[in-house]
Amino acid sequence: MKKELRTDLTTGNVFGTLLSFSIPYFFSYFLQTLYGMADLYIVGQFNAVESTTAVSIGSQIMHMITVMIVGLAMGTTVSIGHEVGARNEKRVFETIGNTVVLFLSLSVVAAVLLMLCIDPIVKVMSTPAEAVESTVSYLTICFIGIPFITAYNIISSIFRGLGDSKSPMYFIAVACISNIVLDFIFIGTLGMGAAGAALGTTLAQTISVAVALIRIKTDRNMQHIRLSGEDFRPKRAVMGKLLAIGVPVAVQDGFIQISFLLITVIANRRGLFDAAAVGVVEKIIGILFLVPSSLLSSVSALAAQNMGAGKKERAKKTLKYAMMTAVVFGIVSALLMQFFAEPVVGIFRGEPEVVHLGSQYLRGYVWDCVFAGVHFCFSGYFCARGLSGLSFLHNAVAIVCARIPLAYLASKLFADTLFPMGLATVTGSAVSVVICIIAYLYLEKKVRIYKVRI
């Protein structure tokens, strides 16, 4: 099915292919991050600190849900990538059809269950009393929009599995622009506060999905994808592969987000300004993590197609170049934030207490970009090999044994600064890197032994 490929990722310069695929991925993630940033910034301009705290807490919960959806959708990207690399057109169509059935069903169930759990979620987050009402309003509206968030992400995963990382970037660009405009209307003009931020985000996602569907319908490059009713019929082998790859990634990503939510809870218990400072820094780190995240997803898509085509050495080279890029970016970012932490935090909140505490947290946390960049790339490679369970393993161990306990201890031992809490996240990623290296070397050793026996 060579002529049908949007982009063949199994030929050409490896580093060049990685860059050309990951740059649109980066801008897609950047624009998606602007959702939360725009909400936080605009709310900060028109409302008091409790509204900022509500949007910060609510958007963290929504971010956790979104990354779990994206993680589950990794099963689609990798599965389609494998079949595209193997030139198995029939299996590509079956994967697309089964993805639609699976995700739309799950999104409706998730929306209903989360709506029933809003009050417990707000309590578990130790939301400051002043921000409870606004947080409930924010989450209620966002949970209703989960099917649209899911629809955007499965469409994007299908495009990326086919080798096209540009179309999802265009879809999210439309959503981002719509979100900013709607935020100013709902928050600035109508004075809806946190509820206006949630409504703007939900409507923007709806617009994005509509644009994506129109693109699929009218784009001549997509006309070769002709799904039949049979493709939408659940097939055990197809869904089994989607879930086998996607579930460990989704659980892993959810576990990671829960760890950061627990850190937010720890910060919330220190007071309103600490909670606001941590929320602001999470947004800043979210921007910096766009590069590692885009590299993870790019390694998954590129390595999957190459694995499907039998080009395993090319897949390993993709991993190597991705890690080199991540380390360089992480070191530069960490060094810059040591000098510019205050003005960066001050973009979002002007209170001296928030700026002071936020800059402390950022200076420690930012070093996580280096180590997270490395284990993100390993995770993408493991997923492409169908070993997403390894990604879950190293993250689970790092979170339980390092990130959470060290963050808690730092909070108790250093009551006047957030810097040690920031460093606690770095130790978690360092543990993940060690486990990833050991797992990679073990897999390579097994391959060499197998070849010798043959």
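Heads up: the structure comes first, above all this text.
As the structure is a computational prediction, the values presented were derived from the model and not from experiment. (Residues numbered from 1 in each chain as written. Predicted model: local features only at pLDDT ≥ 70, side-chain atom pairs only at ≥ 80, totals over all residues. Heavy atoms only, no water.)

Caption draft 1: Expanded view of the overall build of the protein chain. From N to C terminus, the protein chain includes 16 helices and zero strands. Taking 2.2 N^0.38 as the reference for a compact globule, 454 residues should give roughly 22 Å; the C-alpha atoms of the protein chain span a radius of gyration of 21 Å, in line with that estimate. Referenced to the eigenvectors of the C-alpha coordinate spread, the extents of the protein chain come out at roughly 65 × 45 × 35 Å. Within the protein chain, the fraction of its 454 residues that count as buried is 58%. Taking as baseline every contact in the protein chain between residues at least 6 positions apart, the subset at least 24 positions apart corresponds to 83%. Across the protein chain, the 36 positively charged side chains and the 25 negatively charged ones have centroids separated by 15 Å. (Helix = DSSP H or I, 4+ residues; strand = E, 2+ residues; numbered from the N terminus. Rg over C-alpha atoms; globule rule 2.2 N^0.38 Å. Buried < 20%, exposed > 50% of the residue type's maximum accessible area, 1.4 Å probe, protein only. Contact = heavy atoms within 4.5 Å. Lys, Arg positive; Asp, Glu negative; His and termini not counted. Charge placed at Lys NZ, Arg CZ, Asp CG, Glu CD.)

Caption draft 2: Geometry of the pattern of salt bridges. Within this structure, the stated rule accounts for five salt bridges. Two residues, Lys316 and Glu444, come together in a salt bridge whose shortest N-O distance is 2.9 Å. Placement of Lys316 in helix α12 (residues 312-346) and of Glu444 in helix α16 (residues 419-453) is noted, with a sequence separation of 128 residues between them. For the pair Lys316 and Glu444, one class covers both residues: buried. (Salt bridge = Lys/Arg side-chain N within 4 Å of Asp/Glu carboxyl O.)

Caption draft 3: Representation of a nonpolar patch on the surface within the structure. A contiguous nonpolar surface patch, about 480 Å² in accessible area, is contributed by Val108, Val109, Val112, Leu113 and Leu116. Along the chain, Val112 turns up in helix α3 (residues 89-116). (Patch = residues over 30% accessible without salt bridge, like charges linked within 9 Å, V, L, I, M, F, W, Y side chains within 5 Å. Areas by Shrake-Rupley, 256 points an atom, 1.4 Å probe, with all protein chains shown as cover.)

Caption draft 4: How the structure looks around the environment of Ala304. Structurally, Ala304 is set in helix α11 (residues 290-308). Of the residues examined, Ala304 reaches a relative accessible area of 0% and is grouped as buried. Linking Ala304 and Val84, residues 220 residues apart in sequence, is a C-alpha distance of 9.0 Å. Those residues in contact with Ala304 that sit more than four places away from it in its chain are Val78, Gly81, His82, Val299 and Ala384.

Caption draft 5: Seen up close, the layout of surface pockets. Approximately 320 Å³ is the volume found for the second largest pocket. Every residue lining the second largest pocket is counted, 17 residues in all, and those nearest its centre are Met68, Ile69, Leu72, Leu106 and Ala110. Residue contributions to the lining of the second largest pocket peak at seven residues, all from α3. When the residues that make up the lining of the second largest pocket are grouped by side-chain class, the tally is 15 nonpolar, two polar and no charged. (1 Å grid on protein atoms, 1.4 Å probe; cavity = no way out; pocket = protein on both sides within 12 Å on 5 of 7 lines; lining within 4 Å. Points joined across faces, edges and corners; volume = space filled by probe spheres on them. Nonpolar A, V, L, I, M, F, W, Y, C, P; charged D, E, K, R; others polar.)

Caption draft 6: Molecular detail of empty space enclosed by the protein. Summed over all chains, the structure comprises four cavities of 30 Å³ or more. Approximately 1,200 Å³ is the volume attributed to the largest cavity. Forming the walls of the largest cavity are 49 residues, and the residues nearest its centre are Thr33, His63, Val67, Gln257 and Ser293. For the lining of the largest cavity, the leading source of residues is helix α2 (residues 49-85), giving nine residues. Tallied by class, the residues present in the lining of the largest cavity amount to 21 nonpolar, 22 polar and six charged. The computed volume of the second largest cavity comes to approximately 100 Å³. Every residue along the wall of the second largest cavity is listed here: Tyr25, Tyr29, Val70, Ala73, Met74, Thr77, Asn153, Ser156, Ser157, Arg160 and Ser297. Residue assignment for the lining of the second largest cavity shows that the elements contributing at least two residues are α1 (14-46), α2 and α6 (146-161). Class assignment of the residues belonging to the lining of the second largest cavity gives a composition of five nonpolar, five polar and one charged.

Caption draft 7: Examining the nonpolar core more closely. Counting 104 residues, the largest nonpolar core has Ile61, Tyr138, Phe143 and Leu362 as the members making the most contacts within it. The element best represented in this core is α2, accounting for eleven residues. Leaving out residues up to four positions away in the same chain, Ile61 has contacts with Ile121, Met125, Leu139, Phe143 and Leu261. Counting eleven residues, the second-largest nonpolar core is a separate cluster that includes Leu31, Tyr152, Ile172 and Ala175. (Core = buried A, V, L, I, M, F, W, Y, C linked by side-chain atoms within 4.5 Å.)

Caption draft 8: Summary view of the packing of aromatic side chains. Enumeration over the complete set of coordinates arrives at ten aromatic pairs. Arranged with centres 5.8 Å apart and planes meeting at 90 degrees, the rings of Phe289 and Phe376 form a pair that is edge-to-face. With Phe289 in the loop between α10 (272-288) and α11 and Phe376 in helix α14 (residues 368-384), the pair connects residues that are 87 residues apart, well separated along the chain. Grouping residues by exposure puts Phe289 and Phe376 together as buried. Note on Phe378 and Phe382: the rings are 5.9 Å apart at their centroids and 20 degrees apart in plane angle, and the pair reads as stacked. Of this pair, Phe378 and Phe382 both sit in helix α14, four residues apart, roughly one helical turn. No difference in accessibility class separates Phe378 from Phe382, as the two residues are buried. One aromatic cluster in this structure is built from Phe378, Tyr381, Phe382 and Tyr440. The ring of Tyr321 has Lys320 lying over it, and the distance from NZ or CZ to the ring centre is 5.0 Å. (Phe/Tyr/Trp six-rings, centres within 6.5 Å; stacked < 30°, edge-to-face > 60°. Lys NZ or Arg CZ within 6 Å of the ring centre and 35° of its normal.)

Caption draft 9: Broad picture of the state of the cysteines. Tallying each qualifying case throughout the model produces zero disulfides. There is no disulfide at Cys117, and the cysteine sulfur nearest it, in Cys142, is 16 Å away. Here Cys117 falls in the partly exposed class, since its relative accessible area comes to 35%. The thiol of Cys369 is not disulfide-bonded; the next cysteine sulfur, from Cys377, is found 13 Å away. (Disulfide = S-S within 2.5 Å.)

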